[in-house]
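Here is what each chain is made of, one letter per residue.
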Amino acid sequence: MGLLNHPDVMRAVKPDQTPVAGACRFVFKAGSDNLCPIFRDRHLTYTIGNPMMSDVNGDFAPCYLLEGAYRVRIEDRFGKVLVDVDGVEVTEATGGGGSTITQTGASTLLPSVTALIADEVLAYIEGADRVQVSAGDSVRVEAPAYLYEVAAPDATDYHTMTAGGLKLYALPDGLGQIFTSQLNWAAGTDVTDDMVRLFARWPEGARTLRQTADYMIRGSEYTLPTALRAWLSDDYELLSHGEVASRSLLLMDACDQSADSHGLTRDLKIRFFTPSGFKVGGLRFDHSVAVDETQLVAGGNASEVFNCTDNAIGLTVDKCRFDFEGGTAVQIVNSKHWAFTANHAGKQKYLLNLVGGAHFGTYSHNRGEMGFVGLKANGQPSTFFGDYIKTTPTDNVGPRYCKCEYNEFINENRDGPDGTGGFHGWTFAENYFRVAVAAIDIKIAYNLATDFATRENQYSNITIRNNIFDGCGLVYTCTWKEAVTGVANNPDLMLRHIVSQGNHFIPRPGKGSSAHFFKSYRGTFLSLGDTMSTFTGANAGAFDASSGAFPANAVKNSYYTVTVAGVVDGQSFAVNDTVYALKTGASTTTYAGNWYNTGKTYPRIAAPTPFKCGIDGVGTHTVNKGTWNAASGSFPSGAVLGDFYTSTSDGTVGGVKFRTGDIIVATTATPSTSTYEGQWEVRTPDSGLNENMVFRSLVFDGRGASALQIMSCRNVSVDFADYQSDGLGTISVSGEDITITGNMRSEALPPLDSGVCDIIVLNGCRNVRIDTTYSHKRGASHGGALVRVTGKATRVWIDGTVTGSAELVEVANAGVLTDLYLGQRSSLTVEALSARVLTITGTANGVWQGRLDNPDGVPLFNNPPAVHNLGQLSKGQGRELTIASGTVKAQRTAHRVDTEGDAASDDLVTVSGGALGDQLMICCADAGRAVVAKTGTGNLRLVSDRMLGNPGDTLVLEMRGDGNWHEVSFTDQV
């Protein structure tokens, strides 16, 4: 009995080695066309059909024959002969341990890898109890079906060796796979030498290395064979995610603890250099011993495990688990089309480091919590490390046009993706971020003159959409040290063209954050439909702080209300304080990291501020040279690049007008004293370097002391799809060219019993445009002001509809409001105000009244300023007007007019309101009460007196240059 195992008849293939499915293999007696019986098992118990049919890969199932000689022919399904071999010998022999050795021509079969390695029968020289084989002969293992080639006796690059000294090369299966069990790599052992031999003589036709057990390796700088396209676990296809990957590759010398345990020296070099298009999947990477993370020097030991440099096609890492602490998992340098998917992060310094031209990559479906504590190299106190993605420029180019989608970024002590090398053209979508502060740290730094040598425009066109930011936000930093670099600010090299769309920002107890934090941002930014919500945890009951202990069995993000004041762990707690648990099972004795006292009597955690701006240029990277008088007619002399001056007066220099407070910055090494263009740049004192931000359809929950700070910026537009306030938070404005529009609402609720609910606070701003539909819920608590001026505010336009607040505008004691325009840009309606339109306790220099509709007739001013009546009527039907001493005041272009005291008839002699060019249509309110419009008595200029005795009678008037209303038409309905 023996297995049919001749190498020429095991697969049906065409001459070009293409597999043939559905081919027939006939087994005849030698030298004849007589079919022979063939069997499924070695005991010759079950026969199978002759001929046999090949599968989709051209392979035939194993079959057994009686000892003897045979003829084998393979035909395709059309009857074409692919191979016809006569004289195939099938014999039987016995190997070491009593294993059966079946020989078929130049091929030998053993039942298992264990039997093969233990075999002492197969030998290079025939002898007693020896079966001779020669270099080039094949050896097969039945289960699993592995194939080997016999190496030369003096070979040093063999892959494995039998107990009898037979050296073997592993050969790939029909899918081009080599298995570590095929190589007899012993589980849990150091396989470094075996691995080196395998890579030195990588089998021809092999494409994939399949890892079947856990192994350890030492050393570094191993170059993977070019023909090796994938290193996969044997269960790779069955894995759902790298979190469940279990085939481990343990790094013996990547940190001090691991190296010491093996008597090795710590190795800081790269482990593997990968070929183009290489893939690693389903593997777990870790140290070989437990590691104390606080001992990881300088943020982690060793360089990356896999390095992909200068390859046409980048590295693919899929469903892997990185559990080792410190170091870097993967680095990709100048290699495009990489993929990092479904992996599980651990405590690395960097999970993925992208360098230079690592363009067009995909980072998706990854998760795992990062962050560890490591000692600094110089022995300074430990610090936190751990970045999921790090981009680094090389030759002044960073990774471009990559996608980051469907990931979890969790790192309570460190930020998310770090864009030192830029995120030009990147898309961040559908991710969840719970990190320290910066979910995505988008930054650029120009600190040295050499930074500009070949710098490309690589920090723009970034899309951030539909992400969840849990207790963190986005940071945009552009540091340009003009005075140090000697290079003037260049808008083309700045951060710019960033779009944030549909993102949700959630607050967390103890973590104050802003959704968008701009630092010296001067490019275009667009937010579309972002949402900032508040957070209220589950009520866990009462907390008696006098007990000296925190509540036991706490649940993360639940809150307790202090019922008895006291001190715990040095922290004082007052009655009604709201105290949150920061973790499940929070300590009963330690405050830091376990508890957060809001200091408030309500549990709501304020929403992240939609954005804030930091001044990272003026006063930091430029040099303050003091003041300058713009009225002098010349620019400062002796200035150098980066110097800036503050104007003390209005004036014109070089044909350019300047205002008091303007900051001018020198943009050349020796700027002119008379020419502005290309020599100087104006930066207003309140705008810093942040500008050109647009927010559309913003949803902002301003309750619970949530605040929006539109400060240190200019050219900012904010449109609310919904803004809600309970009076505890405000919108602070300190900048230039600010626009606020959209839907806004407020409600004064306990504990805000006073009902003061100021919405927009102006302090140090100019050119502010407000056009909003705002309503304050009326009841026992009334609102404050829509706009409150606490400092200087110049040129403020207010339009829209305001309902239910106390005042439209309040100018506080220290407030100075210059040029307030009410209803000048479109129109303004104020209704149900509890006080007046404008309350002035400070200073108001000029109010311009345009289309102001005040149907309730509340007082306009408590302290009338200089009022300029722009007077244009608002379009549409207005409220009914009642004659008072012969006068009515028109606010819209159409009104019904009723008599004073419902008299049967009344004279109308004057119509106030309106401006040049306005037209007004009036009619009587009731057929029983006639209105007689009198010409020449007041400001009406009619053909004759006109009686409006029927609601169908209409009089159309036009305001002309003489300031009077002139008749355009009159209709007398009969």
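Residues numbered from 1 in each chain as written. Predicted model: local features only at pLDDT ≥ 70, side-chain atom pairs only at ≥ 80, totals over all residues. Heavy atoms only, no water.

**Things to note about the environment of Gly-901**
Logical step 1: Within the fold, Gly-901 resides in the loop between strand S80 (892-898) and strand S81 (905-908).
Logical step 2: Remark: the alpha-carbon pair of Gly-901 and Thr-882, spanning 19 residues in sequence, is separated by 8.5 Å. (Helix = DSSP H or I, 4+ residues; strand = E, 2+ residues; numbered from the N terminus.)

**Description of the pattern of salt bridges**
Logical step 1: Counted according to the given criterion, the structure contains 35 salt bridges.
Logical step 2: Two residues, Glu-736 and Arg-659, come together in a salt bridge whose shortest N-O distance is 3.0 Å. Residue Glu-736 is found in strand S65 (residues 731-746), and its partner Arg-659 is found in the loop between strand S60 (656-658) and strand S61 (663-666); the two are separated by 77 residues along the sequence.
Logical step 3: Look at Glu-736 and you get buried, because its relative accessible area is 6%.
Logical step 4: Since its relative accessible area comes to 30%, Arg-659 is described here as partly exposed.
Logical step 5: With its nearest N and O atoms 3.3 Å apart, the salt bridge here joins Glu-810 to Arg-788. Separated by 22 residues along the polypeptide, Glu-810 in strand S70 (residues 807-811) and Arg-788 in strand S68 (residues 785-789) bring together distant segments of the chain.
Logical step 6: Classification of Arg-788 as partly exposed rests on a relative accessible area of 25%. (Salt bridge = Lys/Arg side-chain N within 4 Å of Asp/Glu carboxyl O. Buried < 20%, exposed > 50% of the residue type's maximum accessible area, 1.4 Å probe, protein only.)

**Let's talk about the nonpolar core**
Logical step 1: In terms of nonpolar packing, the biggest core is built from 144 residues, with Phe-272, Ile-710, Ile-731, Ile-760 and Ile-798 touching the most fellow members.
Logical step 2: Considering every element that reaches this core, the biggest residue donor is strand S64 (residues 708-725), with seven residues.
Logical step 3: Two domains share this core, each providing at least three of its residues, namely domain 2 (102-171) and domain 4 (693-869).
Logical step 4: Setting aside its immediate chain neighbours within four residues, Ile-798 contacts Ile-770, Leu-786, Val-787, Leu-808, Val-809, Leu-820, Tyr-821, Leu-822, Gly-823 and Leu-828. (Core = buried A, V, L, I, M, F, W, Y, C linked by side-chain atoms within 4.5 Å. Domains from an automatic or database assignment. Contact = heavy atoms within 4.5 Å.)

**Some points on the packing of aromatic side chains**
Geometry of an aromatic ring pair is reported as the spacing of the ring centres plus the angle between the planes.
Logical step 1: Within the structure shown, the criterion is met by 48 aromatic pairs.
Logical step 2: Here Trp-797 and Tyr-821 contribute two aromatic rings whose centre-to-centre distance is 4.9 Å and whose plane-to-plane angle is 10 degrees, an arrangement assigned as stacked. With Trp-797 in strand S69 (residues 792-803) and Tyr-821 in strand S71 (residues 816-822), this pair connects stretches of sequence that are 24 residues apart. Tyr-821 carries the same exposure label as Trp-797, and that label is buried. (Phe/Tyr/Trp six-rings, centres within 6.5 Å; stacked < 30°, edge-to-face > 60°.)

**Description of the sheet that holds strand S51 (residues 559-564)**
Logical step 1: Read from one edge of the open sheet, four strands run S50-S51-S54-S55, paired in mixed fashion. Two strands lie at the open edges of the sheet, namely strand S50 (539-544) and strand S55 (595-597), each paired on one side alone. Pairs of neighbouring strands in the sheet enclose a mean axial angle of 30 degrees, with direction left out of account.
Logical step 2: Inspection of the sheet shows strand S54 (residues 578-581) paired to S55 by three bridges, in the antiparallel sense. Paired with Ala-581 across the two strands is Trp-595, which belongs to S55. (Pairing = 2+ DSSP bridges. Axes fitted to C-alpha atoms, helices over the stretch in contact; angles between N-to-C directions.)

**A look at the pairing of S61**
Logical step 1: By the alternation rule, side chains of S61 split into Ile-663 and Val-665 and Ile-664 and Ala-666, which are all buried.
Logical step 2: Bridge count for strand S58 (residues 643-647) against S61 is three bridges, and the pairing is antiparallel. The residue bridging Thr-646 from the neighbouring strand is Ile-663, located in S61.

**Here we look at the pairing of strand S31 (residues 350-355)**
Logical step 1: The element S31 is largely enclosed, with a buried count of six among its six residues.
Logical step 2: Direction of pairing for strand S29 (residues 328-333) relative to S31: parallel, over a ladder of five bridges. Each residue of the ladder has a partner; that of Val-330, found in S31, is Leu-352.

**Some details on the sheet that holds strand S19 (residues 215-217)**
Logical step 1: In space, the four strands of this open sheet follow the order S19-S22-S25-S28, with parallel pairing throughout. The outermost strands of the open sheet, each flanked by one partner alone, are S19 and strand S28 (321-322).
Logical step 2: Sheet topology note: the strand S25 (residues 283-287)/S28 ladder contains two bridges and is parallel. Each bridged residue has a counterpart across the sheet, and for Arg-284 the counterpart in S28 is Arg-321.

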